[in-house]
Amino acid sequence: MTSVHIEQGDITEYPVDAIVNAANSDLILGGGLAGAIARRGGEEIQAQCTAHGPIEVGQAAITTAGLLPAKYVIHQASMSLGRKTDDDSLRRSTRAVLEIAEKKTDIFTIAFPAVGTGIAGFSMTRCAEIMLQEVRKHIEKGTKLTDIYFVLFDSNAYEIFKKQWTKMTTGSNDRP
């Protein structure tokens, strides 16, 4: 059985099998979360991203996690460099991350951030809806993943994801 956890914290500190990076399709680790991953994880991560080369928007790529406590970083490309994330690219890239996690035999725990909501300017509420829907569909199909975390950096993001997950799992739609 897979457990979904919604927590506030710093994803770069999570000792899971894989953390997810909110990436651009060029796999350039610049600012925001990608920059934090590059700084804390070391040059090896960017070197592997560069060697992998650009990927299509809506896809994902995996590297080691360098000095981070996770084993891997899965780079979720929901946008191209300098562009915005949209519903379709977020949905496809979330699926791509989950597919990579399923294929990699030593990934059982994974932590996602709120992809596309920083530099890419995507709505936090819409992000929560889409990512949580994709994770729920993935679990319903059957998965080897035991724990899926959504690690949100600030309290607003945490509250939005928690509210969306509660609505999805209880059927609540906030009507009095």
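This text goes with the structure placed above it.
Some thoughts on the environment of Val-151
Here Val-151 lies in strand β6 (residues 147-152). Through-space distance from the C-alpha of Val-151 to that of Ala-61 is 20 Å; in sequence the pair is 90 residues apart.

Observations regarding the pattern of salt bridges
Scanning the model with the defined rule gives 9 salt bridges in all. With a shortest N-O distance of 2.4 Å, Asp-10 and Arg-40 are connected by a salt bridge. In this pair, Asp-10 sits in the loop between β1 (3-8) and β2 (18-24) while Arg-40 sits in helix α1 (residues 32-41), placing the two residues 30 residues apart along the sequence. According to the relative accessible area criterion, Arg-40 is partly exposed, its value standing at 43%. A salt bridge links Asp-88 to Arg-92; the nearest nitrogen and oxygen atoms lie 2.8 Å apart.

As for the packing of helix α3 (residues 87-103) against helix α4 (residues 124-141)
Relative to each other, α3 and α4 sit at 35°, their axes nearing to 10 Å. Between α3 and α4 lies a crossing of right-handed hand. Across the interface between the two elements, Asp-87, Leu-90, Arg-91, Thr-94, Arg-95, Leu-98 and Glu-102 of α3 pack against Arg-126, Cys-127, Ile-130, Met-131, Gln-133, Glu-134, Val-135, Lys-137 and His-138 of α4. Residues of the contact of α3 with α4, tallied by class, amount to 6 nonpolar, 3 polar and 7 charged.

Focus on helix α5 (residues 155-170)
Here α5 is 16 residues long and its end C-alpha atoms lie 22 Å apart, about the 22 Å a rise of 1.5 Å per residue gives. Each element contacted by the buried residues of α5 is listed here: β1, α4 and β6. The backbone nitrogen of Asn-156 lies 3.1 Å from a side-chain oxygen of the residue at the head of α5, namely Asp-154.

Conventions adopted
Every chain is numbered on its own, with residues counted from 1 as its sequence reads. Reporting in this predicted model follows two pLDDT cut-offs: at least 70 for local features of residues, and 80 or more for side-chain atom pairs to be given and counted; totals over whole chains, interfaces and linings ignore these cut-offs and use all residues. Heavy atoms throughout the structure, all of them, feed into the side-chain values; hydrogens and water do not. Helix and strand definitions follow DSSP, with helices as H or I runs of at least four residues and strands as E runs of at least two, each counted in order from the N terminus. When a carboxyl oxygen of Asp or Glu lies within 4 Å of a side-chain nitrogen of Lys or Arg, that pair is called a salt bridge. Categorising residues by exposure relies on relative accessible area from a 1.4 Å probe, with only protein chains included: less than 20% of the type maximum marks a residue as buried, more than 50% marks it as exposed, and the intermediate range marks it as partly exposed. Between N-to-C directions, angles span 0 to 180 degrees; the directions come from axes that are lines fitted to C-alpha atoms, helices contributing only their stretch in contact. Throughout, a crossing is termed right-handed when the near helix is turned clockwise from the far one, and left-handed when it is turned anticlockwise from it by less than a right angle. By the convention used here, residues are in contact when the closest approach between their heavy atoms is within 4.5 Å. Following the grouping adopted for this structure description, the nonpolar residues are Ala, Val, Leu, Ile, Met, Phe, Trp, Tyr, Cys and Pro, the charged ones are Asp, Glu, Lys and Arg, and the polar ones are all others, Gly among them. One fewer than the residue count of a helix, multiplied by 1.5 Å, yields its expected span. In protein, a polar contact requires one atom able to donate a hydrogen and another able to accept it; more generally it is a pair of N or O atoms within 3.5 Å, and residues adjacent in sequence count only if both atoms are side-chain atoms.

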